[in-house]
Amino acid sequence: MSHSDTEQVEQGCAKSSSYEAQQQALNRFAERYIKLVLAVGQHDCYYVDAYYGPEEWQKDTYWQPLAELQLQHQQGCEVLRGMTDELCEPELVERHNFLQTQWLSIGAYLDFLQGKQRSFNEEAVALYDCQLAEYSLLEHRQVLTEIDALLPGEGSLTDRYNQFKAQFIVPKDKAAEVFLAAVELARMRTKQHMALPENESFEIEYVNDKVWTAYNWYRGDFHSLIQLNQDQPLGIERYLELASHEGYPGHHVFNLLQEQKLVKAKQWLEYAIYPLYSPISYLSEGSANYALSLILTDEEAIAFERDVLMPLAGLEGDLALFHRVLKLVKKLGYYENYVSQCLTDKLVDAATAEKMLIEGALYPESRAKQRVLFYERNRSYVINYSVGEDAVATWVEAEAQTQAQKWARFESLLSRPLNASDMLI
Ligand SMILES: [Zn+2]
């Protein structure tokens, strides 16, 4: 902040409580927040998705009973409440608001770890700040009918879809080459619109036996590790999706912007930790899913797959038809939330959920099994992809006509993250 800005800000603050003092109080709360998240992580190894704050805070973390953590959480709620009357600048209110929403989700997660049951919809609010709309099964059936019309023939729609899709599956030995080409394009397109730090980079690892398809592990200092799961063969369309979702301008860029603009520039250390089951995941997954539509139009994506990725993978096929079908299949994302909801709320068992995915989301059996394992572990987390993407699209496009304006608004959203309820337009 420049000298004159500081003066202006201080004039706007109450005499008794200066801007600096309030920032200090929020800094202290950020430390409390990080330490509690790290302590919760001792009870669930998936909870801390990324941390690149002070090393000693991580080293000093020790195992504490959940009841003790719950007490610390309640004390923190009091501290947060005590701050609200004093905050004198929008920037401080925003920072407080982010910390408060994140903090409340920790309480909900501690409840969960202690066996308190919440319904799927209640959990979506408590962990992700997201109020879910009623899902319509009628719409779902209409989508299946439309897909059916595009893939005539004998047998079930799931079989026909998977037979049709088989010609677009990338052989395992070509996966690395195809993924690299997709990443290169995503990086180039993103750099045309955003100034990324010079030393930003990520490495790619190929792994097995995971419930997810790919994962970005942010390491700090503008570096990520991206893992690609080889359990399920992936269709050609997944490569641009994953390159943009995990890399540019998805998770990798989201994380580095927070590190650059909030952690390093402002010393807002709360952004140096990422609790997975918390409101930040809504924007994180939503923006990562939206990322592909920013770097390429549908036509450009098809052209790149046809001219570059398909030859690299040694594949041939009617890509235009494939993408017409895929556009409809994507709409089944909300049905997947519904299946996870039925499973979480114990309306169906795992075998029934698998069957629902096979018949209603057109998954082959092995992929349905993998998804059910993902739902069992993550429950309402799944809404962050589909509902989050639609929320990001609506927010970005509400005040952007051109592609350049969309990029600018997208970058501003990632640089100063909003919670789900703040994104409502
Ligand atoms: Zn993701």
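The notes below deal with the structure included here.

**Re the overall build of the protein**
Here is step 1 of the chain: Along its length, the protein carries 20 helices and five strands.
Here is step 2 of the chain: The C-alpha radius of gyration computed for the protein amounts to 23 Å, which stays within 12% of the reference 22 Å derived for 425 residues, consistent with globular compactness.
Here is step 3 of the chain: Projected onto its principal axes, the C-alpha coordinates of the protein cover approximately 75 × 45 × 40 Å.
Here is step 4 of the chain: Taking all 425 residues of the protein together, the buried fraction comes to 55%.
Here is step 5 of the chain: A sequence separation of at least 24 residues applies to 73% of the contacts in the protein between residues at least 6 apart.
Here is step 6 of the chain: Of the roughly 19400 Å² that the protein leaves accessible, carbon and sulfur atoms contribute 50%.

**Focus: the side chain of Q23**
Here is step 1 of the chain: Topologically, Q23 is positioned in helix α2 (residues 19-41).
Here is step 2 of the chain: In this view, Q23 contacts E91, L92, R95 and W268; residues no more than four positions away in its chain are not counted.

**Looking at the packing of helix α15 (residues 333-344) against helix α16 (residues 350-360)**
Here is step 1 of the chain: With their axes 10 Å apart at the nearest point, α15 and α16 run at an angle of 170 degrees to one another. Here α16 runs roughly antiparallel to α15, going by the angle between their axes. Between α15, through Y335, E336, Y338, V339, C342 and L343, and α16, the contact on the second element is made entirely by A350, A353, M356, L357 and G360.
Here is step 2 of the chain: A class-by-class count of the residues in the contact of α15 with α16 yields nine nonpolar, one polar and one charged.

Cut-offs applied
- Along each chain, numbering runs from 1 in the same order as the chain's sequence is written.
- Reporting in this predicted model follows two pLDDT cut-offs: at least 70 for local features of residues, and 80 or more for side-chain atom pairs to be given and counted; totals over whole chains, interfaces and linings ignore these cut-offs and use all residues.
- In computing side-chain properties, one takes all heavy atoms of the structure into account and sets aside hydrogens as well as water.
- Secondary structure elements follow DSSP: runs of H or I of four or more residues count as helices, runs of E of two or more count as strands, with numbering from the N terminus.
- Atoms counted for the radius of gyration: C-alpha only. Globule rule: 2.2 Å times the number of residues to the power 0.38.
- Each residue is placed in one exposure class: buried if its accessible area under a 1.4 Å probe, protein chains only, is under 20% of its type's maximum, exposed if it is over 50%, and partly exposed if it falls in between.
- Residue contacts follow a heavy-atom distance rule, with two residues in contact if any of their heavy atoms lie within 4.5 Å.
- Using the Shrake-Rupley algorithm and a 1.4 Å probe, accessible areas are obtained, with residue cover drawn only from the displayed protein chains.
- Each axis is a line fitted through C-alpha atoms, taken for helices only over the stretch in contact, and angles between the N-to-C directions span 0 to 180 degrees.
- Under this scheme an angle from 65 to 115 degrees is roughly perpendicular, one under 35 degrees roughly parallel, and one over 145 degrees roughly antiparallel; angles in between are oblique.
- For this classification, the nonpolar set comprises Ala, Val, Leu, Ile, Met, Phe, Trp, Tyr, Cys and Pro, the charged set comprises Asp, Glu, Lys and Arg, and every other residue, Gly included, is treated as polar.

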